[in-house]
Every structure is written in C-alpha cells, then in structure tokens.
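The chain contents come next:
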Amino acid sequence: NIPFEHNSSEIRRQAEAQLNQLELALSSASLSRDKFVVAGHTDAKGSAQYNKRLSLRRADAVKRFLVAKGMDPNRLATVGYGSEHLLAPDRPDDPSNRRVEIRDVGQSSP
C-alpha cells in the first residue's frame, strides 16, 4: 500500500523508496510479462463523486511514477474506488484508508 495525505494525490517523499522497490519487483524476470491494476482509494471524508476522482488521481500518480522509472505503461491499468473498499471499515476516516494498491492480474500475451 502506498499511503497518501488527506485530500492529496501527491506522492509523499517517504513513499518514493517504497515505489522504487516496487518498480524493481515488477520489472523482475518472474513478473516482467505480468500486467497490474493500480487501484486508488480514499477515506470516507468528502462526497462519493469527489473521492472517486481523488482516488483515480492517486492511482494515476503512482502509474506516472512507475512509468518515469521505465515501466511499460501498457502493463499498468488504473482505477479509482473512492471509499468503496476501506482498509479499516470500522474507522472510515482513518488515514490507512488513503492508499494505492497494486494487484497482479496475470501475464500479457507474448
């Protein structure tokens, strides 16, 4: 999970090291042909419509970071879930809900 500040889609300095490690892992021989979903999430503050847009901006920011490091953009699809999938549903305003997750969706065609 890549964490974000409240109402922000800016990648935090602390997350850059984590993203650099992620890029290395995604580029490894065992994952080099896989595609991934970059899924953005928010906490429950704000309207559903706003949170959807914010979560997509977060996912796009992570994708841009990875592409700038050399990843093929065609291997990364972005989606914004807003507050639909809270990490801490019992604490809807908790900062842990503001995140981007990366999911492996399998290998692309040769």
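See the structure shown above.
Computed from a predicted model, the values in this text were never measured in an experiment. (Residues numbered from 1 in each chain as written. Predicted model: local features only at pLDDT ≥ 70, side-chain atom pairs only at ≥ 80, totals over all residues. Heavy atoms only, no water.)

Got a minute to help me understand helix α1 (residues 13–26) in this structure?
Because an α-helix completes one turn every 3.6 residues, residues spaced three or four positions apart along the sequence face the same direction. Taking 1.5 Å of rise per residue, 14 residues should cover 20 Å, and α1 covers 20 Å from first to last C-alpha, within 8% of that figure. All of the buried residues in α1 are A15, L19, L22, E23 and L26. The buried residues of α1 occupy an angular sector of 100° when the element is viewed end-on, so they sit on one face. Exposed residues lying more than 90 degrees from the buried face of α1 are Q14, Q21 and L24. Buried residues in α1 make contact with β1 (2–3), β2 (34–41), α2 (48–68) and β4 (99–107). (Helix = DSSP H or I, 4+ residues; strand = E, 2+ residues; numbered from the N terminus. Expected span 1.5 Å × (residues − 1). Buried < 20%, exposed > 50% of the residue type's maximum accessible area, 1.4 Å probe, protein only. Arc of directions from axis to C-beta. Contact = heavy atoms within 4.5 Å.)

Even after reading the chapter, I still don't get the environment of V37, so can you show me in this structure?
Mapping V37 onto the fold places it in strand β2. By relative accessible area, V37 is classed as buried at 19%. A sequence separation of 19 residues divides V37 from L56, and the C-alpha atoms of the two residues are 12 Å apart. Beyond its immediate stretch of four places on either side in the chain, V37 contacts A77, V79, E101, I102, R103 and V105.

Teacher, can you tell me more about the pattern of salt bridges here?
Side chains that carry opposite charge are capable of pairing whenever their charged atoms lie near each other. If you walk through the whole model with that rule in mind, you get six salt bridges. In this structure, D43 and R98 form a salt bridge, with 2.9 Å as the shortest nitrogen-oxygen distance. Note that D43 is positioned in the loop between β2 and α2 and R98 in the loop between β3 (76–80) and β4, a separation of 55 residues in sequence. Judged by relative accessible area, which is 3%, D43 ranks as buried. Linking R91 and D94 is a salt bridge whose minimum nitrogen-to-oxygen distance equals 3.3 Å. It is possible to trace a salt-bridge network through shared partners that takes in D90, R91 and D94. (Salt bridge = Lys/Arg side-chain N within 4 Å of Asp/Glu carboxyl O.)

I would appreciate a short explanation of the sheet that holds β1 in the present structure.
Paired through their backbone hydrogen bonds, the strands of a sheet run either parallel or antiparallel. Read from one edge of the open sheet, four strands run β1-β4-β2-β3, paired in mixed fashion. Strands at the two margins of the open sheet, each flanked by one partner only, are β1 and β3. The sheet contact formed by β2 and β4 spans eight bridges and is antiparallel. Each residue of the ladder has a partner; that of V38, found in β4, is I102. Seen against the sheet, α2 touches β1, β2, β3 and β4 and runs at an angle of roughly 160° to β3. (Pairing = 2+ DSSP bridges. Axes fitted to C-alpha atoms, helices over the stretch in contact; angles between N-to-C directions.)

What am I meant to see in the pairing of β4 here?
Bridging between β1 and β4 involves two bridges; their strand directions are antiparallel. Looking across to β4, one finds that P3 is bridged to R99.

When you look at the side chain of R58 in this model, what are you seeing that I'm missing?
With respect to the helices, strands and loops of the structure, R58 is situated in helix α2. Of the side chains with opposite charge, D43 comes closest to the buried, unpaired R58, at an N-O distance of 6.4 Å. Here S8 takes part through its backbone oxygen, which lies 2.7 Å from a polar atom of the side chain of R58. Other than its neighbours up to four places away in sequence, R58 contacts F4, E5, H6, N7, S8, S9, H41, T42, R98, R99 and V100. (Lys, Arg positive; Asp, Glu negative; His and termini not counted. Polar contact = N/O pair within 3.5 Å; in protein donor to acceptor, adjacent residues only side chain to side chain.)

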